[in-house]
Amino acid sequence: MKSANSVLAYQNTKMAALCAEFGDLIQIKKQLISVISLCKDRGLLHSAKWASELAFALDPLPKDELPSPPPFTEEDAKDLDAVTLAKSYFDLKEYDRAAYFLRACCSQKAYFLYMYSRYLSGEKKKDDETVDSLGPLEKGQVRNEALRELRVELSKKHSAGELDGFALYLYGVVLRKLDLLKEAVEVLVEALHALPLHWGAWLELSNLVTNIDMLKSLSLPDCWVKDFFMAQMYTELQMIKEALQKYHSLIQAGFSKSTYIISQIAVAYHNIRDIDQALALFNELREQDPCRIDNMDTFSNLLYVKGMKPELSYLAHNLVEIDKYRVETCCVIGNYYSLRSQHEKAALYFQRALKLNPRCLGAWTLMGHEYMEMKNTSAAIQAYRHAIEVNKRDYRAWYGLGQTYEILKMPFYCLYYYRKAHQLRPNDSRMLVALGESYEKLSQQGEAKKCYWRAYSVGDVEKMALLKLAKLHEQLNESDDAARCYMFYIQDIFSCSEQLEHAEVSTALRYLGQYYFKNKLYDEASLCAQRCCDYNDAREEGKALLRQISQVRDQTETPSADLFAPLSNNNTPVRRVSPLNLISFTP
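Just so you know, these numbers come straight off a predicted model, no measurement behind them.

Trainee: A description of the overall build of the chain should follow, citing residues and the corresponding values.
Mentor: Across its full length, the chain carries 32 helices and zero strands. Burial status across the chain gives 50% buried among its 587 residues. Considering only contacts within the chain whose residues lie at least 6 apart along the sequence, 58% involve residues at least 24 apart.

In structure tokens form, the structure reads like this:
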């Protein structure tokens, strides 16, 4: 019989050789089948599921091409009965019982199961203590008590070079839980070099990568799985264009049937608010996999944004029939009640989701939104802070905290949290507008102008940046700049296919009418005044201005200049608008 170390070396060499060729789909299929078996034996069900979905997307292998099982050592044979018994307890979530029967085993598989059972036992006890509380127990008061002991034992084995790829992964998880992030990154990279096909290790590492520079500095194994990891990281870091390119290249490489890739592309479109494209992909996903629950909470977010009540109701009922006690199901039902403005019921379902999984990022953030709707700012702050503890890259939680402190009239806090959100989403106009408002409240008008102009430049989602910039110029008596911004605001509003509820076209027209009147451009002022009469809140002012213009014209007649003559000498880099753009639009 071979020794455990020689078998480990054999497996690592074999895996490394198999990972060298990305183009050989038969070899990739063999790798996936092998790693599925290894993960199942160790209770790593999510990694096994990920590999199984990818394997299913590839063509079946002929019988003679199926990979052979890994070699069986003498230690494996000696521990077989104990491992089989302990694994049955492990599968039933009797982690302490499983660990007890594995305490004297020597094989690599038994050692991993022993340590992993102790880790999960500690996690389960920690969750049991926090499950009934939303926030009184802050981070640090409830911890996995087993972590320190596990770290000491794994550290000794690591120093002796006795940890295989799975045990290194567990060591990295323990270090991350203890907030030893630098050491965790190093150990997880080592785990990936030892076993590059273990998707769980890649995911753990993705939680620790904070920016693109750190990602580039990592020494990762040259394996086809790295492409999936890079696509995942690009999505996490809001580099959506690069993520989509990666996923499309993977589809072209042979994974065109992969539901995982379709779901990730849909999530990427969701992140850049390309709602129609994302909805189309999620509908395609549900046709291919109608009982799928993964990512359906993201799908429900899209239906919520579009206000599609019947579709969201159907999705909620469908998921309840499949599995009413899944986290995603609770989030979908919460979104449904939120769309119906039943915020108390919505918050209740998000709380249920968190009882099922206290580390569910989406549920914490959505519950924060519900508490905001109910004007419960202290609970909202607590929920958003929990979301940030789960994932510091969640811009929605940072943005939510900024909004909460805005309600509390604490602009310095607002500025801090909006800056954090902006760092995570530098090209999101909503973050920039929020930053501009904070600067304005702090009397930093120069910074506010930059933020509003930048929001307009990157593509103003809510069509608010130009309006706020115009009003700021108006307050500062910068009439030419205000007029220019109001004009482009009008153009943007009427070029938008959807009618916006907050549109203040009448405000812009009122200002432009007075502006042109003061500059003795009576034809243009008359045009603006006539358009004011189309709006209830500006009708009287429009009529008054028309009377003023008529009186002046009776006294003297001034030839009309080009509508944008006062603005043409300004060097601000904006598009020149034709007078016809104002005349031709009908509100």
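Trainee: Explain the environment of Gly-362 to me, and be specific about the residues and the numbers.
Mentor: Looking at the secondary structure, you find Gly-362 in helix H20 (residues 361-373). For the pair Gly-362 and Glu-328, spaced 34 residues apart in sequence, the C-alpha separation works out to 9.2 Å.

Trainee: An account of unusual backbone geometry is needed here, citing residue identities and associated values.
Mentor: At Asn-295, a position not held by glycine, the phi torsion is positive, near 70 degrees. Unlike most non-glycine residues, Lys-520 shows phi in positive territory, near 60 degrees. A relative accessible area of 52% means that Lys-520 is categorised as exposed.

Trainee: Can you lay out the packing of helix H26 (residues 465-475) against helix H27 (residues 479-495) for me, pointing to particular residues and giving the numbers?
Mentor: Look at H26 against H27: their axes get within 8 Å of each other, and the N-to-C directions meet at 160 degrees. When the axes of H26 and H27 are compared, the pair comes out roughly antiparallel. Here H26 and H27 pass one another in a crossing that is left-handed. Counting all contacts with H26, which are made through Leu-466, Leu-467, Leu-469, Ala-470, Lys-471, His-473 and Glu-474, the residues of H27 involved are Asp-481, Ala-482, Cys-485, Tyr-486, Phe-488, Tyr-489 and Asp-492.

Trainee: Help me get a handle on the UniProt feature "repeat: TPR" (unreviewed entry) in the chain, residues and values and all.
Mentor: UniProt tags residues 327-360 and 361-394 as "repeat: TPR" (unreviewed entry). The distance from the first to the last C-alpha atom of residues 327-360 is 8 Å, and the span holds 79% helix and 0% strand. Within residues 361-394, the helical portion is 79% and the strand portion 0%, while the C-alpha atoms at the span's ends are 8 Å from each other.

Trainee: Just give me the short version of the packing of aromatic side chains, but keep the residues and values in it.
Mentor: Per the stated rule, a full pass over the model turns up 29 aromatic pairs. Ring geometry for Trp-50 versus Trp-199: centroids 4.3 Å apart, planes at 5 degrees, classification stacked. Of the two residues, Trp-50 is situated in helix H3 (residues 45-57) and Trp-199 in helix H10 (residues 199-206); the sequence distance between them amounts to 149 residues. For Trp-50, a relative accessible area of 5% puts it in the buried group. The class of Trp-199 is buried, set by a relative accessible area of 5%. Each ring, one from Tyr-416 and one from Tyr-417, has its centre 5.1 Å from the other, and the planes form 75 degrees; the classification is edge-to-face. The class of Tyr-417 is buried, set by a relative accessible area of 6%. Members of the aromatic cluster, connected to one another through ring pairs, are Trp-50, Trp-199, Trp-224, Phe-228, Phe-255 and Tyr-260. Between Arg-103 and the ring centre of Tyr-100, over which it is positioned, the NZ or CZ distance is 3.9 Å. Stacked on the ring of Tyr-111, the Lys or Arg Lys-157 has its end atom at 4.6 Å from the ring centre.

Trainee: How would you sum up helix H22 (residues 395-407)? Please name residues and give values.
Mentor: Look at H22: 19 Å from first C-alpha to last across 13 residues, which is about the 18 Å you get at 1.5 Å a residue. Listed as buried for H22 are Tyr-395, Ala-397, Trp-398, Tyr-399, Gly-400, Leu-401, Gly-402, Thr-404 and Tyr-405. Just downstream of H22, Lys-409 is the residue with a positive phi angle, here 55 degrees.

Trainee: Could you give an account of the packing of H10 against helix H12 (residues 225-236), with specific residues and numbers?
Mentor: Two numbers describe how H10 lies on H12: the axes approach to 10 Å, and their chain directions differ by 30 degrees. Here H10 lies roughly parallel to H12, going by the angle between them. Crossing of H10 over H12 shows right-handed handedness. Between H10 and H12, the contacting residues are Trp-199, Trp-202, Leu-203, Leu-205 and Ser-206 on the first element and Val-225, Lys-226, Phe-228, Phe-229, Gln-232 and Met-233 on the second. Taken together, the residues of the contact of H10 with H12 sort by class into eight nonpolar, two polar and one charged.

Trainee: Outline the nonpolar core, listing residues and values.
Mentor: Counting 189 residues, the largest nonpolar core has Trp-50, Tyr-119, Leu-205, Leu-215, Trp-224, Phe-228 and Phe-229 as its most contacted members. With 10 residues, the single largest contributor to this core is H27. In contact with Phe-229, other than residues within four places in its own chain, are Trp-199, Trp-202, Leu-205, Ser-206, Leu-215 and Leu-220.

Trainee: Go over helix H23 (residues 411-424) with me, naming the residues and quoting the values.
Mentor: For H23, spanning 14 residues, the distance from its first C-alpha to its last is 20 Å, which sits close to the expected 20 Å at 1.5 Å a residue. Residues of H23 that are buried include every one of Cys-414, Leu-415, Tyr-417, Tyr-418 and Ala-421, and no others.

Trainee: Break down the confidence of the model for the chain for me, citing the residues and quoting the values.
Mentor: With 87% of its residues at a pLDDT of 70 or more, the chain shows a mean pLDDT of 85. Confidence over residues 1-22 falls short of pLDDT 50; this stretch has 39 contacts with residues more than four positions distant or in other chains. A low-confidence stretch, residues 558-587 (pLDDT under 50), is modelled with 59 contacts involving residues beyond four sequence positions or located in other chains.

Trainee: Which residues make up a nonpolar patch on the surface, and what are the values?
Mentor: A surface patch of nonpolar side chains, about 270 Å² in accessible area, is lined by Leu-85, Tyr-100 and Phe-101. Locating Phe-101 in the fold gives a position in helix H5 (residues 95-102).

Trainee: Residues and numbers for the side chain of Ser-438, please.
Mentor: Note that Ser-438 resides in helix H24 (residues 429-441). With sequence-adjacent residues up to four places away left out, Ser-438 is seen in contact with Cys-414, Leu-415 and Tyr-418.

Conventions we followed
- Residues numbered from 1 in each chain as written.
- Predicted model: local features only at pLDDT ≥ 70, side-chain atom pairs only at ≥ 80, totals over all residues.
- Heavy atoms only, no water.
- Helix = DSSP H or I, 4+ residues; strand = E, 2+ residues; numbered from the N terminus.
- Buried < 20%, exposed > 50% of the residue type's maximum accessible area, 1.4 Å probe, protein only.
- Contact = heavy atoms within 4.5 Å.
- Axes fitted to C-alpha atoms, helices over the stretch in contact; angles between N-to-C directions.
- Parallel < 35°, antiparallel > 145°, perpendicular 65-115°, else oblique.
- Left-handed = near helix turned anticlockwise from the far one by under 90°.
- UniProt positions renumbered as here; feature names shortened; annotations may be inferred.
- Phe/Tyr/Trp six-rings, centres within 6.5 Å; stacked < 30°, edge-to-face > 60°.
- Lys NZ or Arg CZ within 6 Å of the ring centre and 35° of its normal.
- Expected span 1.5 Å × (residues − 1).
- Nonpolar A, V, L, I, M, F, W, Y, C, P; charged D, E, K, R; others polar.
- Core = buried A, V, L, I, M, F, W, Y, C linked by side-chain atoms within 4.5 Å.
- pLDDT = per-residue confidence, 0-100.
- Patch = residues over 30% accessible without salt bridge, like charges linked within 9 Å, V, L, I, M, F, W, Y side chains within 5 Å.
- Areas by Shrake-Rupley, 256 points an atom, 1.4 Å probe, with all protein chains shown as cover.
- Salt bridge = Lys/Arg side-chain N within 4 Å of Asp/Glu carboxyl O.

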